[in-house]
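If you want the building blocks of each chain, they are given just below.
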Amino acid sequence: MDLFHIEHQGKSARVTLRSLPAEQGELKATEKTSVGEVTALKVTNGVNVALDAASLKPDALIAADPELDLDAAGEVLEPESLSTAFYLPTDPARAPVSDFKQLDLVFDAQGQEKERRPHLTRKANISDVYPVKTGKRIPVDQALKQFVFRQTYQVVHEDGVTRDFLLAIARELHEKQEMAVLGAGAKGNLPLVLRDKGSPYRAFLYGEIGEGEKYKLLVLLSDQELKRPAVSAPAPP
């Protein structure tokens, strides 16, 4: 659950953004043995990561267990003490590498690499000083055909005032059967980033009105637009 700062027609409010509830709740099961409850722990598996499995011969596997490193097996790992490390696949010592650059690869509609650029570490911007603004409208059927939606979140009111605010937005979008494009930043033209170091998403606001003044307001996130590949010119005869 995250705070969501949204602006519409000059009015703004801080509301809640949460994941959609599951259609069926998860079944809570407790596993027990004769000595007590079973709990999950992260431990090392004892696999010999320095070994090239393709080079193993049947005789070596029959004579011993070169694929196992039993001295390193069973060590309990504390999540707080773990961090990401990068290794060179060709390094037999498996020493962590720190001198590297992260790149973002951009591909065109044909799947060919188009651009390489330095990776940007982004900061969450859905609850900044500058609210997320509603902008251009797109018909619902056009948006569903034009974009691939990766995630969906529900906008939830905090009190009566924010309920009236969100209800008015949902009613406007429902009656016009449109989605509103959302933008972050001072000018409201930046993609949404929900988490620090997260990915940027093009965001759309969908509204629906039900019986008894019930409303549904959803934020749909997309990172892919569907486009037809350019038609190549026919080869000369």
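Refer to the structure printed above.
Residues numbered from 1 in each chain as written. Predicted model: local features only at pLDDT ≥ 70, side-chain atom pairs only at ≥ 80, totals over all residues. Heavy atoms only, no water.

Caption draft 1: Highlighting the overall build of the chain. Counting secondary structure elements, the chain contains three helices and 13 strands. Expressed as lengths along the three principal axes of its C-alpha atoms, the size of the chain is roughly 75 × 75 × 35 Å. Every one of the 237 residues in the chain was classed for burial, and the buried ones make up 23%. Of all intrachain contacts in the chain linking residues separated by at least 6 positions in sequence, the fraction that spans at least 24 positions is 63%. Accessible area of the chain: about 17,600 Å², with a carbon and sulfur share of 52%. (Helix = DSSP H or I, 4+ residues; strand = E, 2+ residues; numbered from the N terminus. Buried < 20%, exposed > 50% of the residue type's maximum accessible area, 1.4 Å probe, protein only. Contact = heavy atoms within 4.5 Å. Areas by Shrake-Rupley, 256 points an atom, 1.4 Å probe, with all protein chains shown as cover.)

Caption draft 2: Expanded view of the packing of aromatic side chains. Taken as a whole and assessed by the stated rule, the structure comprises three aromatic pairs. Ring centres of F147 and F204 lie 4.8 Å apart, and the angle between their planes is 50 degrees; on these two criteria the pair is classed as tilted. Of the two residues, F147 sits in strand β10 (residues 147-156) while F204 sits in strand β12 (residues 202-209), which places them 57 residues apart along the sequence. Note on accessibility: F147 and F204 belong to one class, buried. Ring centres 5.7 Å apart and planes at 90 degrees place the aromatic pair F149 and F204 in the edge-to-face group. Placement of the pair is F149 in strand β10 and F204 in strand β12, with a sequence separation of 55 residues. (Phe/Tyr/Trp six-rings, centres within 6.5 Å; stacked < 30°, edge-to-face > 60°.)

Caption draft 3: Looking closely at helix α3 (residues 160-176). Between its first and last C-alpha atoms α3 spans 24 Å; for 17 residues at 1.5 Å apiece the expected length is 24 Å, and the two agree. What α3 keeps buried is the set T162, F165, L166, L167, I169, A170, E172 and L173. Two residues or fewer after α3 comes Q177, characterised by a positive phi angle close to 50 degrees. (Expected span 1.5 Å × (residues − 1).)

Caption draft 4: Geometry of the pattern of salt bridges. If you walk through the whole model with that rule in mind, you get seven salt bridges. Between E113 and R116 there is a salt bridge; the shortest N-O distance is 2.6 Å. On the basis of relative accessibility, which here comes to 40%, the residue E113 falls in the partly exposed class. A relative accessible area of 51% places R116 in the exposed class. The closest approach of N and O atoms between E213 and R171, which form a salt bridge, is 2.7 Å. Placement of the pair is E213 in the loop between β12 and β13 (215-225) and R171 in helix α3, with a sequence separation of 42 residues. Here E213 falls in the partly exposed class, since its relative accessible area comes to 39%. (Salt bridge = Lys/Arg side-chain N within 4 Å of Asp/Glu carboxyl O.)

Caption draft 5: Summary view of the sheet that holds strand β9 (residues 132-139). Judged by pairing direction, the barrel is mixed, and its seven strands sit side by side in the order β1-β2-β10-β13-β12-β11-β9 before closing back on the first. On average, adjacent strands in this sheet sit at an angle of 45 degrees to one another, irrespective of strand direction. Where strand β1 (residues 2-8) meets β9, two bridges bridge the pair, whose relative direction is parallel. Pairing of I6 across the sheet is with V132, part of β9. Relative to the sheet, α3 contacts β1, β2 (11-19), β9, β10, β11 (178-183), β12 and β13, its axis offset from that of β12 by approximately 90 degrees. (Pairing = 2+ DSSP bridges. Axes fitted to C-alpha atoms, helices over the stretch in contact; angles between N-to-C directions.)

Caption draft 6: The arrangement of the layout of surface pockets in detail. Within this model, the largest pocket holds a volume of roughly 1,200 Å³. For the largest pocket, the lining is made up of 31 residues, of which V106, R117, D223, Q224 and E225 are closest to its centre. Residue assignment for the lining of the largest pocket shows that the elements contributing at least two residues are β7 (103-107), β8 (113-118), β10, β11 and β13. The class makeup of the residues in the lining of the largest pocket is 14 nonpolar, five polar and twelve charged. (1 Å grid on protein atoms, 1.4 Å probe; cavity = no way out; pocket = protein on both sides within 12 Å on 5 of 7 lines; lining within 4 Å. Points joined across faces, edges and corners; volume = space filled by probe spheres on them. Nonpolar A, V, L, I, M, F, W, Y, C, P; charged D, E, K, R; others polar.)

Caption draft 7: How the structure looks around a nonpolar patch on the surface. A grouping of L41, V43 and V76 is seen on the molecular surface, where their side chains present a nonpolar patch of about 270 Å² in accessible area. In this structure, V76 sits in strand β6 (residues 76-77). (Patch = residues over 30% accessible without salt bridge, like charges linked within 9 Å, V, L, I, M, F, W, Y side chains within 5 Å.)

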